[in-house]
Amino acid sequence: MRMIALETSGRQGSVAALEVDAGKPRLRGQMMLGGRQRTAQSLAPALRDMLHASGWPPKSVELVAVAVGPGSFTGLRIGVTTAKTFAYGVGAQVIGVNTFVALAAQAPPAPGPLWTILDAQRLELFVAKFAANDGNAIPIDCITSIIPQDEWLAGLQPGDRVIGPALARLAPRLPQGVVVVPPEFWQPMAEAVGRVAWHAYQAGHRDDVWKLAPNYYRPSYAEEKRP
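Note that this is a predicted model, so its numbers are computed, not measured.

Asks: Explain the packing of helix 1 (residues 39-54) against helix 2 (residues 73-90) here, please?
Replies: When two helices pack together, their arrangement is given by the angle between their axes and by how far apart the axes lie. At a closest axis distance of 10 Å, the pairing of helix 1 and helix 2 adopts a crossing angle of 35 degrees. Note on packing geometry: the crossing formed by helix 1 with helix 2 is right-handed. Each of T39, A40, L43, L47 and L51 in helix 1 lies in contact with helix 2, whose residues at this interface are I78, G79, T82 and F86. Classifying every residue of the contact of helix 1 with helix 2 by side-chain character gives six nonpolar, three polar and no charged.

Asks: Would you mind going over helix 6 (residues 190-202) with me for this structure?
Replies: Side chains three or four residues apart in an α-helix point the same way, a direct result of the helix having 3.6 residues per turn. When the terminal C-alpha atoms of helix 6 are compared, their 18 Å separation across 13 residues agrees well with the 18 Å that a helix rising 1.5 Å per residue should span. Buried within helix 6 are the following residues: A190, A192, V193, G194, V196, A197, W198, A200 and Y201. Here the buried face of helix 6 lies against strand 1 (2-7), strand 2 (14-21), strand 3 (24-32), strand 4 (63-69), strand 5 (93-98) and helix 3 (99-105). Note on helix 6: the residue one or two positions beyond its end, G204, has a positive phi of about 95 degrees.

Asks: Where do I start with the pattern of salt bridges in this structure?
Replies: Two side chains carrying opposite charge are able to pair once their charged atoms lie near each other. What the rule picks out here adds up to seven salt bridges. A salt bridge links E124 to R218; its shortest N-O distance comes to 2.4 Å. You can see E124 sitting in strand 7 (residues 124-130) and its partner R218 sitting in the loop between helix 6 and helix 7 (221-225), a full 94 residues away along the chain. We classify R218 as buried; its relative accessible area is 13%.

Asks: What's the story with the packing of aromatic side chains in this structure? I'm lost.
Replies: Centre distance and the angle of the planes are the two values used to describe a pair of aromatic rings. One pass over the structure, following the stated rule, counts five aromatic pairs. Here the basic side chain of R206 rests over the ring of Y201, its NZ or CZ set 3.6 Å away from the ring centre.

What counts as what
Residues numbered from 1 in each chain as written. Predicted model: local features only at pLDDT ≥ 70, side-chain atom pairs only at ≥ 80, totals over all residues. Heavy atoms only, no water. Axes fitted to C-alpha atoms, helices over the stretch in contact; angles between N-to-C directions. Helix = DSSP H or I, 4+ residues; strand = E, 2+ residues; numbered from the N terminus. Left-handed = near helix turned anticlockwise from the far one by under 90°. Contact = heavy atoms within 4.5 Å. Nonpolar A, V, L, I, M, F, W, Y, C, P; charged D, E, K, R; others polar. Expected span 1.5 Å × (residues − 1). Buried < 20%, exposed > 50% of the residue type's maximum accessible area, 1.4 Å probe, protein only. Salt bridge = Lys/Arg side-chain N within 4 Å of Asp/Glu carboxyl O. Phe/Tyr/Trp six-rings, centres within 6.5 Å; stacked < 30°, edge-to-face > 60°. Lys NZ or Arg CZ within 6 Å of the ring centre and 35° of its normal.

Next up, the structure:
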């Protein structure tokens, strides 16, 4: 099976091509988005270039995986719309993946609970907590919350592990004894989105290309202020 995975939840996104070999998805290539271009400008060209670099005709792709949130309103909307349009056009299956599940899946195995965090603006965080990774299990789902960052920091315990882009700002404020996952794993990547989607696919999960939508976890600022 040939898979395309999209991750557009933040400022830096990525596109990956994965091919299932002996029952396991193997990375064929991955490209970063972002830089000076917005996701809307760079995503479609990157998808085209990834297919070309892999030598894959678009219709040879059988599964499209995409991060559906939490994350940036605009980034998630662009990623999910692109994934659905491409999947419909080539006749592929589509699966949405929680951003935090992908982030947890790419964290190195280690003892201790794992916190995944993203900046939710307004001095708040998107957070989810996972049990220790034994090195084999890929998480399927999680409970995502929005919490004031000071409240989250105050609740951390020695031995807790933390991963996520928000660490770029919060790492110096972590309590003593909290373990920071190495920075090269902080950014959720398309490869992890693809691996989680394949695990869900094997378990029988499928999403409806017409109904799949981003999960923003909160109304936009304009919606909150609307009478």
